[in-house]
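Given next are the chains, with one letter for each unit.
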Amino acid sequence: MPAPAPSPPLVLLVGPTAVGKTAAAVALCRELGAEVVNADSVQVYRGLDIGSAKPTPHELAAAPHHLVDVADPAQEMSAARWTDLADAAIAKIAARQKRVLVSGGTGLYVKALLHGLAPAPPVDPDLRQRLRDAWEAEGAAALHARLAVLDPASARRLHPAGRQRVLRALEVGLQTGQPLSARQNAHGFSSGRYPHLALGLDRPREELYQRIEARCRQMWQGGLLTEVAALLAAGLPPTAHGLNSLGYRQALAVLTQGREPGAALEEMIRQTRAYAKRQLTWFRALQGINWHHPDDLPGLIGRARAFWNPEN
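Conventions and cut-offs
Residues numbered from 1 in each chain as written. Predicted model: local features only at pLDDT ≥ 70, side-chain atom pairs only at ≥ 80, totals over all residues. Heavy atoms only, no water. Helix = DSSP H or I, 4+ residues; strand = E, 2+ residues; numbered from the N terminus. Buried < 20%, exposed > 50% of the residue type's maximum accessible area, 1.4 Å probe, protein only. Contact = heavy atoms within 4.5 Å. Areas by Shrake-Rupley, 256 points an atom, 1.4 Å probe, with all protein chains shown as cover. Pairing = 2+ DSSP bridges. Axes fitted to C-alpha atoms, helices over the stretch in contact; angles between N-to-C directions. Phe/Tyr/Trp six-rings, centres within 6.5 Å; stacked < 30°, edge-to-face > 60°. Lys NZ or Arg CZ within 6 Å of the ring centre and 35° of its normal. Parallel < 35°, antiparallel > 145°, perpendicular 65-115°, else oblique. Nonpolar A, V, L, I, M, F, W, Y, C, P; charged D, E, K, R; others polar. Left-handed = near helix turned anticlockwise from the far one by under 90°. Core = buried A, V, L, I, M, F, W, Y, C linked by side-chain atoms within 4.5 Å. Expected span 1.5 Å × (residues − 1). Salt bridge = Lys/Arg side-chain N within 4 Å of Asp/Glu carboxyl O.

(A) How the structure looks around the overall build of the chain. A tally of helices and strands in the chain yields 14 helices and six strands. Judged by the C-alpha coordinates and their principal axes, the chain covers about 60 × 45 × 35 Å. Relative to its 312 residues, the chain shows a buried fraction of 48%. For the chain, contacts bridging at least 24 residues in sequence account for 78% of all contacts bridging at least 6. Total accessible area on the chain stands at roughly 14200 Å², and carbon and sulfur atoms take up 54% of it.

(B) Expanded view of the sheet that holds strand β1 (residues 10-14). Across the sheet, which stays open at both edges, the six strands sit in the order β3-β2-β4-β1-β5-β6 with parallel pairing between neighbours. Edge strands, defined here as strands with exactly one partner in the open sheet, are β3 (65-66) and β6 (289-292). In terms of strand pairing, strand β5 (residues 196-201) meets β6 through four bridges, oriented parallel. Of the residues in β6, the one forming a bridge with A198 is I289. Packed on one face of the sheet, helix α1 (residues 21-32) meets β1, β2 (34-38), β3, β4 (99-103) and β5 and runs near 175 degrees to β4.

(C) Spatial organisation of the packing of aromatic side chains. One pass over the full model with this rule turns up one aromatic pair. With centroids separated by 4.7 Å and ring planes inclined at 10 degrees, the aromatic side chains of W82 and Y109 adopt a geometry described as stacked. Residue W82 is found in helix α3 (residues 79-95), and its partner Y109 is found in helix α4 (residues 107-115); the two are separated by 27 residues along the sequence. Y109 shares its class with W82; the two are buried. It is R284 that lies over the ring of W291; its NZ or CZ is 4.3 Å from the centre.

(D) Representation of the packing of helix α5 (residues 125-138) against helix α6 (residues 140-150) within the structure. Where α5 meets α6, the closest approach of the two axes is 6 Å, and the angle between their N-to-C directions is 125 degrees. As the angle between them shows, α5 and α6 are arranged oblique. Judged by residue contacts, L131, A134, W135 and E138 of α5 engage A140, A142, L143 and R146 from α6. Here the residues of the contact of α5 with α6 are counted per class, giving six nonpolar, no polar and two charged.

(E) Up close: the environment of A112. Tracing the sequence through the fold places A112 in helix α4. Distance from A112 to E206, taken between C-alpha atoms, is 31 Å for residues 94 residues apart in sequence. When neighbours within four sequence positions are excluded, A112 is seen to be in contact with A79, T83, L117 and R193.

(F) Structural detail: the packing of α3 against α4. The N-to-C vectors of α3 and α4 enclose an angle of 60 degrees; their axes lie 9 Å apart at closest approach. Here α4 runs oblique to α3, going by the angle between their axes. For the pair α3 and α4, the crossing hand works out as right-handed. Of α4, the residues touching α3 (which contributes A79, W82, T83, A86, D87 and I90) are L108, Y109, A112 and L113. Here the residues of the contact of α3 with α4 are counted per class, giving eight nonpolar, one polar and one charged.

(G) View of the environment of A89. Mapped onto the elements of the fold, A89 is located in helix α3. For A89, a relative accessible area of 10% gives the class buried. Considering only alpha carbons, one finds A89 and T226, 137 residues apart in sequence, at a separation of 32 Å. Beyond its immediate chain neighbours, meaning those up to four positions away, A89 contacts V37, H66 and L67.

(H) Quick peek at the nonpolar core. With 73 residues, the main nonpolar core has L13, V37, W82, L101 and V102 as its most contacted residues. The biggest single contributor to this core is helix α13 (residues 261-285), with seven residues. Those residues in contact with L13, other than ones at most four positions away along the chain, are K21, A24, A25, L28, L101, V102, S103, G104, L199, L201 and L300. One finds L127, L131, A169 and L170 within the second-largest nonpolar core, a separate group that totals 14 residues.

(I) Representation of helix α8 (residues 163-176). Over its 14 residues, α8 extends 20 Å from the first C-alpha to the last, a length consistent with the 20 Å expected when each residue adds 1.5 Å. Listed in full, the buried residues belonging to α8 are R163, V166, L167, R168, A169, L170, E171, V172 and G173. Note on α8: the residue one or two positions beyond its end, G177, has a positive phi of about 75 degrees.

(J) Highlighting the pattern of salt bridges. Using the criterion set out here, one finds 13 salt bridges in the structure. Residue D49 is joined to K54 by a salt bridge in which the shortest nitrogen-to-oxygen separation is 2.7 Å. For K54, a relative accessible area of 13% puts it in the buried group. Because the salt bridges share partners, they merge into one network encompassing E213, R217, E266 and R273.

Take a look at the structure:
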């Protein structure tokens, strides 16, 4: 998966959910003449607006965003497909002599963009359908337990509710007889596809958790259930990839399984906090990230300016 040549220099803005990436990205773009390539695995889906915390119309007007609303929520947005779209968007932005800011919290997207993906076999449609049917019939815990036997390293890394990634790891292991984790270790993710500066955003843990709770409650009160109900009424199947993401699967449980809304919201808050912790673990394992509090806009702008204008 070679990057387009020449490869423009990228600034990456990463961090956990609700930390404040969108506001910081808009500020950086306005100050430095950049455009955003979205690296959030839910914001790519059309119609999933409230639960993905998509940029507001005001933010979109202030800083052009790419790879928002580029897929139907019934489609699978793999890291490979996202990387192809990101490469194309980066090339177009660079051709207009604009700077590229890649912003988002999906670590696998960022890793794939920078280092490529481990070679994997093509999809076996029959095997994929059997695994999807098993997920629906047996549940997430049973399939994750199966993965723990087949590929313990991948099972430890993947959340049991992450259907797309759990099923892909099962597919690769069953299809090739080699765990996906072994293929990834052999790949090493050492090649550099783009020169880049990585900026990480973080807050004190309790401050971040308070923001997560406030955001979840705002989404719930702001119409998340109505949004999901409208998608279902328009024909989106409950098994759609996008509806398996945080917030959407809790809303779906209320609408289709009779889950009590208050309990669903509290589960959403707990799982979002756990997800933020996993995001931080992922990003802290990557080398070379410069960490800032989101309020440190002068520091963020200064680092980005020095990277893009090294002669000054």
